[in-house]
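Structure assessment
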Amino acid sequence: MATDLHELLRSLRVWDPGTTDLRPFDPDTAPEAPLPLFAEWFAQAVAAGQPEPHTMSLATADPSGLPDVRIVMLHGADDEGWSFASHAGSRKGRHLAGRPYAALGFYWPVLGRQVRVRGPVSAAPSEQAQGDLHARSTGALAAALTGRQSEVLGSLEELDRASAAAWERAAREPRAPVPSWTLYRLRAEEAEFFQGDERRRHVRLRYRRAGRGWARELLWP
């Protein structure tokens, strides 16, 4: 089995020219702050047909410092931070309650680009969290109403029953409150933009907060 996996891995290509457009990136022309560049790269990923460009890796740590990572959805990015949401009692919610610091990772292979962001995380006011939830789909509300995220599940039948009840309520009460639903905002202290290059001369531009502005520096690939 391990041999089959290794052979499969060796057969794969990264940034196939047929599906990837490795664009030039001149860091000297980059804006002075990371958010405008993120917005530009995000729009370009959408235009290039990147599937689910708004999904990202979210890394947190438990009280012992042990790391964990999962894929979540970006809910917004503005001067208040990069936003995502979850139940306060979920694993990520518990981690952030004990260690309110996280890292995000975006990967857009159609352009050979990555964006990494890290910094402290805070919870938005409850009314903003509920407004964010109710602006989403019925399915999103039903999933939030199902609740008990990250708890041990006894059986799939138990999930089916809870989910069916949640969907019925979400359809009946499109503004049903979910008190545990939390909108988190990560305030970037550091943001890195990575542009891949076919000769492996990747361009890496890192922003670091410096007073009220940002310091910019290049990193070796």
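Structure's up top.
In this report, we go over the structure that sits alongside the text. (Residues numbered from 1 in each chain as written. Predicted model: local features only at pLDDT ≥ 70, side-chain atom pairs only at ≥ 80, totals over all residues. Heavy atoms only, no water.)

Brief notes about helix 2 (residues 34-47)
Spanning 14 residues, helix 2 covers 20 Å between terminal C-alpha atoms, matching the ideal 20 Å at 1.5 Å per step. Of the positions making up helix 2, those classed as buried are Pro34, Leu35, Leu37, Phe38, Trp41 and Ala45. Along the axis of helix 2, the buried positions cluster into a sector of 155 degrees, meaning they face one direction only. At the exit of helix 2 stands Gly49, carrying a positive phi of roughly 85 degrees. (Helix = DSSP H or I, 4+ residues; strand = E, 2+ residues; numbered from the N terminus. Expected span 1.5 Å × (residues − 1). Buried < 20%, exposed > 50% of the residue type's maximum accessible area, 1.4 Å probe, protein only. Arc of directions from axis to C-beta.)

So, the layout of surface pockets
As a volume, the largest pocket reaches approximately 510 Å³. Taken together, 27 residues form the lining of the largest pocket, with His87, Ala143, Gly147, Gln149 and Ser150 sitting closest to its centre. Of all the elements in the fold, those that place two or more residues in the lining of the largest pocket are strand 2 (67-73), strand 4 (81-87), helix 5 (138-146) and helix 6 (156-172). Taken together, the residues that form the lining of the largest pocket break down as 13 nonpolar, eight polar and six charged. Considering the residues around the second largest pocket, the lining is formed by 13 residues, among which Leu35, Asp78, Asp79, Arg209 and Trp214 are closest to the centre. Counting residues per element, the ones that place at least two in the lining of the second largest pocket are helix 2 and strand 4. Tallying contributions element by element places helix 2 first for the lining of the second largest pocket, with three residues. In the lining of the second largest pocket, the residues fall into seven nonpolar, one polar and five charged. (1 Å grid on protein atoms, 1.4 Å probe; cavity = no way out; pocket = protein on both sides within 12 Å on 5 of 7 lines; lining within 4 Å. Points joined across faces, edges and corners; volume = space filled by probe spheres on them. Nonpolar A, V, L, I, M, F, W, Y, C, P; charged D, E, K, R; others polar.)

Structural notes on the packing of aromatic side chains
For the structure on display, the rule yields twelve aromatic pairs. Measuring from ring centre to ring centre gives 6.0 Å for Phe38 and Trp108, while their planes differ by 45 degrees; the resulting arrangement is tilted. Placement of Phe38 in helix 2 and of Trp108 in strand 5 (residues 101-108) is noted, with a sequence separation of 70 residues between them. A single burial state applies to Phe38 and to Trp108, both of which are buried. Measuring from centroid to centroid gives 5.7 Å for Phe193 and Tyr207, while their planes differ by 75 degrees, and the two rings are edge-to-face. (Phe/Tyr/Trp six-rings, centres within 6.5 Å; stacked < 30°, edge-to-face > 60°.)

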